[in-house]
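Below, each chain spelled out in residue letters.
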Amino acid sequence: MMAADQKTALAIEPERYELRGLPMHFFAMDRRSFMKAMGGGIAILAVAKDALALQESGRRIGMEEKMPREINAWLHIAPDGGVTVYTGKVEIGQNIRTSLAQTVADELHVSLASIQMVMGDTQLTPFDMGTFGSRTTPQMGTQLRSVAWAARSVLVDLAARKWSVDAGQLVAENGTVSDRSGSRSITYGELAQGQALAQMMPAEDPVTPAPEWKIAGQPVHKIGARDFVTGRHKYTPDLKLPGMLCGKILRPSAFGATLASVDLSAAKAMPGVIAVRDGDFVGVAAPDELTAERALAAIKAQWNTTPQSSSKELFDFLKKNAEEDPAEENRYRQTKGSMSDGLAAASHRLEATYTVAYIAHCPLEPRAALADWKDGKMMVWTGTQRPFAVRDEVAQALHLSNDNTRVIVPDTGSAYGGKHTGECAVEAARLAQAAGKPVHLLWTREEEFTWAYFRPAGVIEIKSGVDANGKLTAWEFHNYNSGAAAIATMYEAPNQLIEFHPVNAPLRQGSYRSLAACANHFARESHMDELAHAAGVDPLEFRMNNLQDERLRAVYQAAAEKFGWQERKKAPGHGFGIAGGIDKGGHVAAFAEVAIDGATREVRIERVVEAWDCGAIVNPDGLKNTISGAITMGIGGALYEAIEFDNGRILNPHFAQYRVARFKDEPKIEVVLIDRKDQPSFGAGETPIVGLAPAVANAIFDATGLRIRSMPMLQDGKLPKQA
């Protein structure tokens with residue numbers, strides 16, 4: 001078990017470009033603020049300088065997170081027995097509020113109803129790097145279980161001292177400590193008396209093993225579900241404060257454009273309007289949205305732009321602009337054996353190139369922020385996956401200390417890796433500072449499509465060989481730009497060369513659900529299917545012949561049995577495909593059936609079976625929902641989604657032009673869970689998406705003989721006549 005004060009080190013993957021990119025806005029410091037900062041030392045300026053140096057270096061960022069050891073940093077027990085739990089993790093639709101509450105209730109031996117979670121508040125919760133990387137369950141779940149165990153132990157010791165008995169004679173259940181004879185008892189609330197449990201946590205916590213869980217491991221419904229489905233829950237776009245103004249931002253005419261000139265006079269002349277220019281930042285705040293829109297339209301601005309590339313030459317661009325000598329921490333290279341020897345030993349050799357387009361995150365809730373500037377302090381409510389990082393962004397942009405900046409994250413309408421940065425919060429804060437009133441800023445859908453970062457596009461080249469027995473002899477894999485997540489093959493190949501090549505990319509790019517694992521699995525699992533057909537071996541048998549990982553073998557077998565792989569029967573226009581993989585502690589196998597309309601060449605995914613193993617399961621209902629959601633989300637990237645751009649502009653920044661999966665596209669989804677109570681629990685927010693695209697591509701080949709090596713696979717919603 002993790003020690004209570006153990007540092008959790010995280011090397012930020014190369015494809016998390018947004019974490020080392022330059023801020024969108026640089027604000028000037030007025031003379032009064034400058035002198036105030038200098039009078040108190042140079043700490044504020046030094047922090048900003050160091051942060052920019054780190055971002056400009058292009059280095060992969062390594063972070064360390066030290067968990068507080070004090071119980072009261074994480075948990076408080078009220079006189080009525082209510083338990084408040086504090087965590088910097090945030091709820092963005094993945095239902096961790098429920099699973100974390102289950103974990104605490106289980107280990108503290110209280111009812112789930114007694115748990116209240118306080119999440120993502122930089123003033124109240126311990127520091128947290130962010131809610132990303134499927135780290136909440138293995139990291140925060142482990143931490144909070146340790147906290148709950150320690151708190152329960154402290155409460156038992158308090159009762160033992162109160163009654164002058166040995167703690168071993170007492171038992172803690174249902175929020176009460178009793179002696180084993182049942183002759184006397186006392187509630188947690190009475191013991192704690194509403195005071196903080198100031199004791200330190202022990203270095204090692206012997207927490208309850210998974211087979212003994214009573215509340216964790218159960219299919220508990222989402223906490224607060226009724227509020228979400230009835231509309232009572234308040235998202236950031238719903239928040240209001242007295243005297244609040246509506247903000248709007250003037251956007252550049254193209255990416256990288258600089259402001260040549262601007263005339264704010266017409267906007268400033270409008271009643272109640274505040275117009276701000278700070279460097280290249282221009283924004284307005286007004287009493288209502290319509291007035292703000294009119295004020296923004298009244299601004300006259302000219303921008304300097306430079307010629308840029310387009311999506312039509314994207315993949316050539318990526319190959320030509322690979323960094324010649326990238327920093328070591330930003331690349332990945334793995335070698336084993338000799339590729340020349342492996343290819344020489346092969347009976348079948350294959351070379352293929354796979355491509356992945358830029359796609360958008362498409363959260364239902366666009367970026368939004370409500371900022372309140374009062375008494376030299378800034379408070380911002382915003383939907384983000386990294387509240388402490390956004391606090392730092394706001395503080396640095398406005399030249400404030402972190403102590404004078406607070407970020408609160410209401411439960412947020414999805415993010416998918418796309419809300420790591422705080423542009424909207426910074427913009428709202430700058431307008432609030434200028435107006436001296438609260439300012440609410442809600443990005444439009446076009447702004448969300450244009451100014452948020454995208455999932456990296458990529459080119460993947462594979463060269464491979466297989467012998468007469470269907471065994472891999474050689475495996476060479478090059479990923480340009482997309483990233484290194486899950487780039488290593490899980491199949492046995494004696495001769496390997498695997499490399500990630502960073503690229504000076506044409507668009508702002510960054511984290512997306514599963515990072516590059518989606519692209520790397522698509523290429524690898526498509527190629528494994530090609531090799532199986534070249535060798536004349538059943539695709540499942542071929543994988544199993546080259547696979548030693550027992551947990552991955554188990555999910556393949558479970559999915560095959562549920563799908564009926566051995567009994568499948570071909571029908572005209574129908575095809576079947578499989579894919580699997582490992583990432584972030586999760587083991588997944590996906591089996592898909594597709595139907596192709598011969599006349600229209602439209603593709604429909606009829607059925608998906610996915611087997612999943614992420615160790616001991618905390619909430620099976622929540623896990624099934626997460627997996628089903630990942631499959632549904634994966635349909636868009638697999639078949640339809642692609643950002644079109646030209647000369648610094650996005651050409652399809654609306655859902656009317658950008659095709660995502662619709663209700664009619666939803667297949668029959670069947671999820672098989674393998675509950676490994678002998679293994680630690682891992683997260684499932686990301687990896688379940690990686691199997692869908694290659695399984696569908698392989699099914700399309702099975703149905704038509706057409707091998708699609710690109711994501712998206714369809715052109716204008718239809719299957720191309722040739723790849």
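## What to know about the overall build of the protein
Counting its regular elements, the protein contains 18 helices and 29 strands. A globule of 723 residues ought to have a C-alpha radius of gyration of about 27 Å, and the protein, at 27 Å, matches this closely. The buried share of the protein, taken over its 723 residues, is 57%. Considering only contacts within the protein whose residues lie at least 6 apart along the sequence, 77% involve residues at least 24 apart. Charged side chains in the protein number 78 positive and 86 negative. The centres of these two groups are separated by 3 Å.

## Thoughts on the domain arrangement of the protein
According to the domain assignment, the protein contains domain 1 (31-229), domain 2 (236-305 + 367-442) and domain 3 (321-358 + 454-711). Relative to domain 3, the C-alpha centre of domain 1 lies at a distance of 36 Å. With 23 residues of domain 1 at the interface, the matching set in domain 3 holds 19 residues. For the domain 1 and domain 3 pair, buried surface summed over both sides reaches about 1,500 Å², with 52% attributable to carbon and sulfur atoms. Taken together, the connections running from domain 1 to domain 3 amount to 0 salt bridges. The interface formed by domain 1 and domain 3 includes 7 residue pairs in polar contact (both at pLDDT 80 or more). Only α3 (96-108) and α4 (136-163) provide two or more residues apiece to the side of domain 1 that touches domain 3. Top contributing element to the side of domain 1 that touches domain 3 by residue count: α3, with 4 residues.

## Some remarks on the packing of aromatic side chains
For the coordinates displayed, the defined rule picks out 14 aromatic pairs. Seen in terms of ring centroids, Tyr 354 and Phe 522 are 6.3 Å apart; in terms of plane orientation they differ by 85 degrees. Their pairing is edge-to-face. Placement of Tyr 354 in strand β15 (residues 348-356) and of Phe 522 in helix α14 (residues 517-535) is noted, with a sequence separation of 168 residues between them. Classification of Phe 522 as buried rests on a relative accessible area of 0%. Considering the side-chain rings of Phe 563 and Trp 565, the 6.4 Å spacing of their centres and the 40 degrees angle between planes classify their relative orientation as tilted. Note on accessibility: Phe 563 and Trp 565 belong to one class, buried.

## So, the sheet that holds strand β8 (residues 185-187)
Backbone hydrogen bonds are what pair the strands of a sheet, in a parallel or an antiparallel way. Pairing is antiparallel across the open sheet formed by 3 strands, whose spatial order is β6-β7-β8. What marks the edges here is a single partner per strand, and that holds for β6 (170-173) and β8. In this sheet, adjacent strand axes meet at a mean angle of 20 degrees when their direction is disregarded.

## Considerations on the pairing of strand β18 (residues 405-408)
What you see with β18 is no split at all: Thr 405 and Val 407 on one side and Arg 406 and Ile 408 on the other are buried throughout. The pairing of strand β17 (residues 377-382) with β18 spans 4 bridges and is classified as parallel. Of the residues in β18, the one forming a bridge with Met 378 is Thr 405. Following the chain from β17 across helix α11 (residues 387-398) to the adjacent parallel β18, one finds a crossover that is right-handed.

## Overview of unusual backbone geometry
With an omega dihedral of 5 degrees, the bond running from Met 711 to Pro 712 counts as a cis peptide bond. Assignment of secondary structure puts Pro 712 in the segment after β29 (710-711). Its identity is not glycine, yet His 399 carries a phi of approximately 60 degrees, on the positive side. Examined against the element boundaries, His 399 turns out to sit in the loop between α11 and β18.

## Some words on the side chain of Arg 551
Within the fold, Arg 551 resides in helix α16 (residues 550-563). Since its relative accessible area comes to 15%, Arg 551 is described here as buried. Only 3.5 Å separates the side chain of Arg 551 from the side chain of Gln 679, close enough to count as a polar contact. In this structure, Arg 551 is in contact with Gly 585, His 587, Asp 613, Cys 614, Gly 615, Arg 676 and Gln 679, ignoring residues within four places of it in sequence.

## Things to note about the sheet that holds strand β9 (residues 245-249)
Sheet architecture is open: 7 strands sit in the order β11-β12-β9-β19-β16-β17-β18, paired in mixed fashion. The outermost strands of the open sheet, each flanked by one partner alone, are β11 (274-278) and β18. Taking the axes of each pair of neighbouring strands and ignoring which way they run, one obtains an average angle of 20 degrees across the sheet. The pairing of β9 with strand β19 (residues 439-442) spans 3 bridges and is parallel. Opposite Gly 247, over in β19, you have Leu 441 as the bridge partner. The strands that α11 touches are β17 and β18; relative to β18, the one it contacts most, it runs at about 145 degrees. Across the sheet, helix α12 (residues 423-435) touches β9, β11, β12 (281-286), β16 (368-374), β17 and β19, and the angle it forms with β16 is around 35 degrees.

About the criteria used
- Every chain is numbered independently, its residues counted from 1 as its sequence is written.
- Confidence filtering applies because this is a predicted model: local features only for residues at pLDDT of at least 70, side-chain atom pairs given and counted only at 80 or more, and all residues used for totals across whole chains, interfaces and linings.
- Hydrogens and water molecules were not included; the side-chain quantities draw on all heavy atoms of the structure.
- Where helices and strands are cited, they refer to DSSP runs of H or I of at least four residues and of E of at least two residues respectively, numbered from the N terminus.
- For the radius of gyration, the atoms used are the C-alpha atoms, and the globule rule reads 2.2 Å times the number of residues raised to 0.38.
- For the exposure calls, accessible area comes from a 1.4 Å probe over protein chains only, and a residue counts as buried if that area is under 20% of its type's maximum, exposed if over 50%, partly exposed in between.
- Any two residues whose heavy atoms approach within 4.5 Å at even a single point are treated as in contact.
- When charges are tallied, Lys and Arg are placed among the positive residues and Asp and Glu among the negative ones, while His and the ends of the chain are skipped.
- The atoms used to mark charge sites are NZ of Lys, CZ of Arg, CG of Asp and CD of Glu.
- Either an automatic procedure or a domain database provided the assignment from which the domain bounds are taken.
- Two parts lose some accessible area (1.4 Å probe) when they are put together, and adding that loss for both gives the buried area.
- Only one rule defines a salt bridge in this text: a Lys or Arg side-chain nitrogen within 4 Å of an Asp or Glu carboxyl oxygen.
- Any pair of N or O atoms that falls within 3.5 Å is considered a polar contact. Within protein, one atom must be able to donate a hydrogen and the other to accept it, and sequence-neighbouring residues count only if both atoms are side-chain atoms.
- Pairing of aromatic rings covers Phe, Tyr and the six-membered ring of Trp, with a centre-to-centre limit of 6.5 Å; geometry is then stacked below 30 degrees between planes, edge-to-face above 60, and tilted otherwise.
- When DSSP finds at least two bridges between two strands, those strands are taken to pair.
- In this analysis, axes come from line fits to C-alpha atoms, helices being fitted only over the stretch in contact, and the angle between any two N-to-C directions falls in the range 0 to 180 degrees.
- Look down the strands so they point away from you; if going from the first strand over the helix to the second traces a clockwise path, that crossover is right-handed.

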